[in-house]
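Inside the fold
Here is how the chains run, residue by residue.
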Amino acid sequence: IRLTRAITWEGRQQSSLPERCARAQEQSHSMESSAFATDAFFPFIDGPQVLVEAGCKLGLLPQGGKREEEIKKIFSKNSISMCYIPEPFRGFCRH
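Residues numbered from 1 in each chain as written. Predicted model: local features only at pLDDT ≥ 70, side-chain atom pairs only at ≥ 80, totals over all residues. Heavy atoms only, no water.

1. With respect to the overall build of the protein
- Within the protein one finds 3 helices and 4 strands.
- Written out in order from the N terminus, the α and β elements of the protein read β-α-β-α-β-α-β.
- Evaluated residue by residue, the protein yields a buried proportion of 34% over its 95 residues.
- Contacts in the protein between residues at least 24 apart in sequence constitute 54% of all its contacts with a sequence separation of at least 6.
- Of the accessible surface of the protein, which amounts to about 6200 Å², a share of 51% is contributed by carbon and sulfur atoms. (Helix = DSSP H or I, 4+ residues; strand = E, 2+ residues; numbered from the N terminus. Buried < 20%, exposed > 50% of the residue type's maximum accessible area, 1.4 Å probe, protein only. Contact = heavy atoms within 4.5 Å. Areas by Shrake-Rupley, 256 points an atom, 1.4 Å probe, with all protein chains shown as cover.)

Below, the structure is given as structure tokens:
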């Protein structure tokens, strides 16, 4: 996999992820084969679905959350290579 782009949202809420993706596309930036990282797990499946639709191929996020297995299946099904950070090392206040 050749990675050439990264999506960032500088600690903002996940709800801003679709806005970031839309803004990048409006400015003619391809997000195909991009990478992402987050300091918190995904509490809902909408965030991972946005990343899949954006064309992400690599991700880094903490383990944990009630929907962890469902989220892992979404990434696996869509050939997104993932690295999971163990729960004791989770980001901001280990939320």
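2. Overview of helix α2 (residues 46–54)
- Every buried residue of α2 is listed here: G47, P48, V50, L51 and A54. The arc that holds the buried residues of α2, viewed along the axis, is 155 degrees, so those residues lie on one side. (Arc of directions from axis to C-beta.)

3. Brief notes about the nonpolar core
- One finds F36, F42, L51, C56, L61, I71, F75 and I80 forming the largest nonpolar core, which totals 8 residues.
- In this structure, C21, A24, M31 and V50 belong to the second largest nonpolar core, which totals 5 residues. (Core = buried A, V, L, I, M, F, W, Y, C linked by side-chain atoms within 4.5 Å.)

4. Digging into the packing of aromatic side chains
- Here the structure, examined in full by the defined rule, presents 3 aromatic pairs.
- Note on F36 and F75: the rings are 5.5 Å apart at their centroids and 35 degrees apart in plane angle, and the pair reads as tilted. In this pair, F36 sits in strand β2 (residues 34–37) while F75 sits in helix α3 (residues 68–77), placing the two residues 39 residues apart along the sequence. Pair check on accessibility: F36 and F75 agree, each one buried. (Phe/Tyr/Trp six-rings, centres within 6.5 Å; stacked < 30°, edge-to-face > 60°.)

5. Quick look at the pairing of strand β4 (residues 81–85)
- Note: strand β3 (residues 58–62) against β4, 5 bridges, orientation parallel. Counterpart to L61 in the pairing with β4 is Y84.
- Following the backbone out of β3, through α3 and into the adjacent parallel β4, one traces a crossover that is right-handed. (Pairing = 2+ DSSP bridges. Right-handed = clockwise from strand over helix to strand, strands pointing away.)

6. So, the packing of α2 against α3
- Across the interface, α2 lies against α3 with an axial gap of 10 Å and an inter-helix angle of 5 degrees. Considered as vectors, α2 and α3 are oriented roughly parallel to each other. Contacts between α2 and α3 involve P48, L51 and V52 on the former and, on the latter, I71, I74 and F75. (Axes fitted to C-alpha atoms, helices over the stretch in contact; angles between N-to-C directions. Parallel < 35°, antiparallel > 145°, perpendicular 65-115°, else oblique.)

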